[in-house]
Amino acid sequence: MAVGNPEVLKWLEALQQIYAANRERLTELDSDIGDADHGTNMDRGFTAVKAELAAHAASDIGSILQKVATVLIRSVGGSAGPLYGTFFLRAGTACAGKTEMGAADVVAMFQAGIAGVQQRGKAVAGDKTMMDALLPALEAMRKASEGGRSLAEILDQGASAAESGMLATVPMQARKGRASYLGARSIGHQDPGATSSYLLVKAAADTWRS
Ligand code: ADP
Ligand code: MG
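Since the structure is predicted, the reported quantities are computational estimates derived from the model, not experimental observations.

Draft legend 1. Layout of the layout of surface pockets. The space that makes up the largest pocket amounts to roughly 520 Å³. What lines the largest pocket is a set of 29 residues, and nearest its centre among them are S79, A80, L83, G177 and R178. Within the residue set of the lining of the largest pocket, elements represented by two or more residues are helix 2 (23-33), helix 3 (38-55), helix 5 (80-94), helix 6 (103-121) and helix 9 (192-207). Residue contributions to the lining of the largest pocket peak at 4 residues, all from helix 6.

Draft legend 2. Expanded view of the packing of aromatic side chains. A full pass over the atoms with the stated rule returns 7 aromatic pairs. Aromatic side chains F87 and F88 sit 5.0 Å apart centroid to centroid with 80° between the ring planes, which places their arrangement in the edge-to-face category. The class of F87 is buried, set by a relative accessible area of 0%. Each residue in the set W11, Y19, F46, F87, F88, F110 and W208 is aromatic and connected to the rest through ring pairs, giving one cluster.

Draft legend 3. Expanded view of the site of ligand 1. Looking at ligand 1, there are 20 residues lining it, with H38, N41, S79, G121 and D191 nearest. The separation between an oxygen atom of ligand 1 and a polar side-chain atom of R178 is 3.2 Å. In the complex, the protein chains occlude 93% of the 570 Å² of accessible area that ligand 1 would expose alone. For ligand 1, the cavity whose grid points lie within 2 Å of the majority of its atoms is the largest pocket. Going through the elements one at a time, helix 3, helix 5 and helix 9 are the ones with two or more residues in the shell around ligand 1.

Draft legend 4. Inspection of the environment of D60 at higher detail. Mapped onto the elements, D60 comes out in the loop between helix 3 and helix 4 (61-75). With a relative accessible area of 13%, D60 lands in the buried category. Separated by 135 residues in sequence, D60 and T195 place their C-alpha atoms 29 Å apart. What D60 contacts, discounting residues up to four positions off in sequence, is N5, C95, A96, G97, K98 and T99. Engagement of the side chain of D60 in a polar contact is seen with the backbone nitrogen of G62, the distance being 2.9 Å.

Calculation rules
Residues numbered from 1 in each chain as written. Chains lettered and ligands numbered in written order. Predicted model: local features only at pLDDT ≥ 70, side-chain atom pairs only at ≥ 80, totals over all residues. Heavy atoms only, no water. 1 Å grid on protein atoms, 1.4 Å probe; cavity = no way out; pocket = protein on both sides within 12 Å on 5 of 7 lines; lining within 4 Å. Points joined across faces, edges and corners; volume = space filled by probe spheres on them. Helix = DSSP H or I, 4+ residues; strand = E, 2+ residues; numbered from the N terminus. Phe/Tyr/Trp six-rings, centres within 6.5 Å; stacked < 30°, edge-to-face > 60°. Buried < 20%, exposed > 50% of the residue type's maximum accessible area, 1.4 Å probe, protein only. Near = heavy atom within 4 Å. Polar contact = N/O pair within 3.5 Å; in protein donor to acceptor, adjacent residues only side chain to side chain. Areas by Shrake-Rupley, 256 points an atom, 1.4 Å probe, with all protein chains shown as cover. Sits in = over half its atoms within 2 Å of the grid points. Contact = heavy atoms within 4.5 Å.

Shown next as structure tokens:
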């Protein structure tokens with residue numbers, strides 16, 4: 001299937017519902033190794049995104065995603081606001097002017113967004129951040145795309161790699177962000193940002209499956 005403006009809007013609506021439903025869980029994870037605000041940050045951000053998208057129609061996928069970026073940067077504080085803001089800003093640039101994306105375009109969108117997060121946050125694999133879900137997801141999506149898989153298969157592989165990456169943050173010691181202040185005490189807890197990033201990829205897989 002192709003992903004057009006309506007499917008992108010559906011993904012963003014799903015994210016609003018998912019972050020609202022997972023607000024407590026994400027905040028609980030952040031209370032273990034941070035300042036207990038990740039769930040409220042994500043919920044606030046995507047609720048604001050929903051309101052903005054309902055109020056102002058956008059003509060193409062690039063402008064939808066750029067709107068999302070602007071709202072997230074404005075309404076989400078901490079690390080997650082600028083990082084997810086950068087994700088959507090770069091993702092939007094990758095599909096500027098497009099009203100439909102095929103499988104390769106979707107992978108290019110994720111690639112641009114994830115590269116943006118990495119440039120902005122400077123975290124590498126193993127630092128116990130959202131990159132630990134995003135980098136394996138991208139790698140899996142690229143492989144599946146090069147192997148000529150369908151969009152649904154590409155996204156499922158991405159979501160499943162993101163999930164494994166999220167779970168793999170448990171034994172890691174944080175080297176970036178607030179959790180890094182805890183040193184070895186950050187070991188044994190799942191990273192909240194890796195969890196919200198898994199949910200981001202999983203929502204695309206579930207929304208764009210058929
Ligand atoms: P804050 O830490 O400012 O309270 P949040 O609680 O909303 O912000 O987000 C915390 C998450 O941000 C962490 O779990 C981690 O995944 C992610 N994060 C923090 N710093 C970085 C970074 N430099 N690069 C990538 N992700 C990061
Ligand atoms: Mg926090």
